[in-house]
Amino acid sequence: MNNSIFSHCTLCPHNCGVDRSNGQLGFCKLDSALHIAKICLHTGEEPIPGSENGVCNVFFSRCNLRCVYCQNYQISQSQSRVKNEITDLDVAVEQIVAILSQGVQFVGFVSPSSHIPYMIQIVELLHERGYFPKIIYNTNAYDSVESLQQIEHIVDFYLPDYKYAYNQLGVEYSSVRNYNEVALRAIGEMYRQKKDVISEENPALIIRHLVLPNHVANSLEALELLEKTCTNKVFISLMSQYNPVYRATKISSINRKLQTTEYDMVLDKLEELGFENGWTQLLESNDYYQPDFDKENPFE
């Protein structure tokens, strides 16, 4: 890896400008080394056509947001080295190949925004070994347009979260001041890249939105803004799986699960805006998606 890429880091919209190659740490608390928390097979929440055998998910360590309710907090919020972290590129590729050789045709990169150079290198090494999986970019949408343009040629499916229509919620819950405009620009770029190939057989842009308790207005506005940014032809994964974990257990506004009436209001807005492609969840899903990254497979 050419460390000059990290010498003045602007990979994500924080634009910290730190010299990660010299050990300086920006918002994400990452140096220039490879940091992968886990590589495992995952069935995922959205059934992308062809992914019946699951997705080989590459979970990068740390994150460029500080979400107080993050279900992956064990690996995304830790500022110390994650247990059994993978720091050797060849080891990472070998583990991915071992999963792909079982008939898996997809590789998903999770929280990749600060790791894009390694993501590109992993894909190149897989191609050199004769593996050409479909690539999923699974992100919190706090991405720079410039970085997304660098990976346009290798990403088959974009899977962004769109968390907040109101920036104040980004400040309170994710320690970022400009989430809404940054995320909409990023999602707009993803839509530009994929708008001509999106179809029922090819959900090339799936936008996740997690409905938060006590914040229905945020969700209603989020759907309005997504319809304006991408039209109602994109795929929406409207998620009810919120479960207070990590620091959210001590924040009164979000320290409970979602109520049926709250989710139903957002479902009504989804229908009103004409979004027909995508998925919704049962309210009971908040018990299903609670990973434990101390396990070999966090989702089993």
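Residues numbered from 1 in each chain as written. Predicted model: local features only at pLDDT ≥ 70, side-chain atom pairs only at ≥ 80, totals over all residues. Heavy atoms only, no water.

Participant: I tried to follow the packing of helix H2 (residues 89-100) against helix H3 (residues 116-128) on my own but got confused; where do I start?
Facilitator: Axis separation between H2 and H3 bottoms out at 10 Å; the angle between their running directions is 55 degrees. Taken together, the axes of H2 and H3 are oblique relative to one another. Every pair of crossing elements has a handedness; the one defined by H2 and H3 is right-handed. In contact with Leu89, Val93, Ile96, Val97 and Leu100 of H2, H3 contributes Tyr118, Gln121, Ile122, Leu125 and Leu126. (Axes fitted to C-alpha atoms, helices over the stretch in contact; angles between N-to-C directions. Helix = DSSP H or I, 4+ residues; strand = E, 2+ residues; numbered from the N terminus. Parallel < 35°, antiparallel > 145°, perpendicular 65-115°, else oblique. Left-handed = near helix turned anticlockwise from the far one by under 90°. Contact = heavy atoms within 4.5 Å.)

Participant: Would you mind showing me how to read the sheet that holds strand E7 (residues 235-239) here?
Facilitator: Spatially, three strands are ordered E6-E7-E8 in an open sheet, and the strand pairing comes out parallel. Each end of this open sheet is capped by a strand with a single partner; those strands are strand E6 (206-210) and strand E8 (278-280). The mean inter-strand angle of the sheet, taken between neighbouring strand axes irrespective of direction, is 15 degrees. The sheet strands contacting helix H8 (residues 260-272) are E7 and E8, and the helix crosses E7 at an angle near 170 degrees. (Pairing = 2+ DSSP bridges.)

Participant: Is there a simple way to explain the pattern of salt bridges in this structure?
Facilitator: A side chain with one charge can pair with a side chain of the opposite charge if their charged atoms come near. In total, this model carries seven salt bridges according to the counting rule given. The shortest N-O distance in the salt bridge between Arg192 and Glu152 comes to 3.0 Å. On the criterion of sequence distance, the pair formed by Arg192 in helix H6 (residues 179-194) and Glu152 in the loop between helix H4 (145-150) and strand E5 (157-160) is long-range, its members being 40 residues apart. In this structure, Asp161 engages Lys163 in a salt bridge whose closest nitrogen and oxygen atoms are separated by 3.7 Å. On the basis of relative accessibility, which here comes to 13%, the residue Lys163 falls in the buried class. Several salt bridges share partner residues, and in doing so they unite Glu152, Glu189 and Arg192 into one network. (Salt bridge = Lys/Arg side-chain N within 4 Å of Asp/Glu carboxyl O. Buried < 20%, exposed > 50% of the residue type's maximum accessible area, 1.4 Å probe, protein only.)

Participant: Just checking my understanding: could you explain the nonpolar core for this structure?
Facilitator: One recurring pattern in soluble globular proteins: nonpolar side chains tend to sit buried together. Counting 90 residues, the largest nonpolar core has Tyr69, Ile151 and Tyr162 as its most contacted members. If sequence neighbours within four positions are ignored, Tyr162 has contacts with Tyr179, Asn180, Ala183, Leu184, Ile187, Ile207, Arg208, His209, Ala222, Leu225 and Leu226. In this structure, Ala37, Val82, Val110 and Phe293 belong to the second largest nonpolar core, which totals seven residues. (Core = buried A, V, L, I, M, F, W, Y, C linked by side-chain atoms within 4.5 Å.)

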